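Inside the fold
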Amino acid sequence: MKKSILISALAFSLVMLFSTNLSAQDFSGLDKSPMDAASFPSDYKVSDKQVKVVYSRPQLKGRDVSTLAKNGEVWRTGANEAVEITFYQEKMFGDKKVAAGTYTMYTIPGEKEWTVILSSDLNVWGSYFYKEENDVARVTAPVTEGKESLEAFSIAFDDDGTMHMGWDTLRVSVPVK
């Protein structure tokens, strides 16, 4: 009797030892284009945000911006999923009035100006499924050159609510009032 209990306990212990290894969760490594968010007001002490942008940050890695965001083609404005921008109240986006809500933001890069597009489509991967008929607003913004090079595509808001996009030395800004 004692022998069968000992064998049963040993068998149970071995099964438990190996079964925990089989059910262990595998976690993937860090994303090469990590997700980030920018908001206005930018101060973390202000919880009453007016605008929030969620986007992924591709890296240059020795490549040229114009090969990653091609002039004249609709771009997802970052990496992975297309950018989602949420307005918590009615706002002027450039010279267009936009109702409170969440939109997908695309861009069409150009040498001298970019077209920034807000679309009613949501949960979109890249710009593969972009539909012009779902545009809510289109604004153009001039391209300027920054003093420093940014390795990762970045979006930030200044104290006036202007949204700035930058990558390498390229800068594009859209007022949000």
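Structure: see above.
Going along each chain's sequence as written, the residues are numbered from 1 onward. Totals for whole chains, interfaces and linings use every residue, but because this is a predicted model, local features are given only for residues with pLDDT of at least 70 and side-chain atom pairs only at 80 or more, for both listing and counting. Processing note: side-chain calculations cover all non-hydrogen atoms of the structure and skip hydrogens and water entirely.

Section: the pairing of strand S8 (residues 135–157)
The following threshold applies: Each pair of strands is called paired provided DSSP finds at least two bridges between the two strands. Going along the chain from the N terminus, every DSSP run of H or I of four or more residues is numbered as a helix, and every run of E of two or more is numbered as a strand.
Taken together, the seven bridges between strand S7 (residues 113–119) and S8 define a ladder with antiparallel strand orientation. Residue pairing in the sheet places Ile 117 in a bridge with Arg 138 of S8. Pairing between S8 and strand S9 (residues 163–174): eight bridges, direction antiparallel. Counterpart to Glu 145 in the pairing with S9 is Leu 170. From the end of S8 to the start of S9, which pair antiparallel, there are five residues, and Gly 161 there has a positive phi angle of about 95 degrees.

Focus on the environment of Met 105
Applied cut-off: Throughout, a contact is declared for two residues whenever any of their heavy atoms are within 4.5 Å.
Tracing the chain through its elements places Met 105 in strand S6 (residues 101–108). Separated by 27 residues in sequence, Met 105 and Gly 78 have C-alpha atoms that sit 10.0 Å apart. If near-sequence neighbours (up to four positions away) are discounted, Met 105 is found in contact with Arg 76, Thr 77, Val 83, Ile 85, Phe 93, Val 116, Ile 117, Leu 118, Ile 155, Met 163 and Met 165.

Here we look at the pattern of salt bridges
Short version of the rule: Salt bridges, as used here, are contacts in which a Lys or Arg side-chain nitrogen is within 4 Å of a carboxyl oxygen on Asp or Glu. Think of it in three bands: with a 1.4 Å probe and only protein chains considered, a residue is buried below 20% of the maximum accessible area for its type, exposed above 50%, and partly exposed in between.
Counted by the stated rule, this structure contains four salt bridges. Across the pair Asp 36 and Arg 57 runs a salt bridge, and its minimum N-O distance is 3.3 Å. Taken together, the positions of Asp 36 in strand S1 (residues 35–40) and Arg 57 in the loop between strand S2 (51–56) and helix H2 (65–68) put the pair 21 residues apart, joining distant regions of the chain. In this structure Arg 57 comes out as partly exposed when scored by relative accessible area, which is 22%.

Comments concerning the pairing of S2
Examined bridge by bridge, S1 and S2 share six bridges and lie antiparallel to one another. Within the sheet, the bridge partner assigned to Ser 39 lies in S2 and is Lys 52. Across four bridges, the pairing between S2 and strand S3 (residues 83–87) is antiparallel. Within the sheet, the bridge partner assigned to Val 53 lies in S3 and is Ile 85.

Focus on the nonpolar core
Selection criterion: By nonpolar core is meant a set of buried Ala, Val, Leu, Ile, Met, Phe, Trp, Tyr and Cys residues that side-chain atoms within 4.5 Å join together.
Ile 85, Phe 87, Phe 93, Met 105, Leu 118, Ile 155 and Met 163 are the most contacted members of the largest nonpolar core, which totals 32 residues. For this core, the secondary structure elements donating two or more residues are S1, S2, S3, S6, S7, S8 and S9. Aside from chain neighbours lying at most four places away, what touches Phe 87 is Gln 50, Val 51, Phe 93, Val 98, Ala 99, Ala 100, Gly 101, Tyr 103, Leu 118 and Val 176. Of all hydrophobic cores here, the second largest spans six residues; its members include Tyr 106, Ile 108, Ile 117 and Tyr 130.

Let's talk about the sheet that holds S7
The condition that has to hold: Helix axes are fitted to C-alpha atoms over the stretch in contact, other axes to C-alpha atoms as well, and angles between N-to-C directions run from 0 to 180 degrees.
Pairing in this open sheet of seven strands is antiparallel, and the strands run S1-S2-S3-S6-S7-S8-S9 from one edge to the other. Only two strands of the sheet have a single neighbouring strand rather than two, namely S1 and S9. The average undirected angle you get between the axes of adjacent strands in this sheet is 30 degrees.

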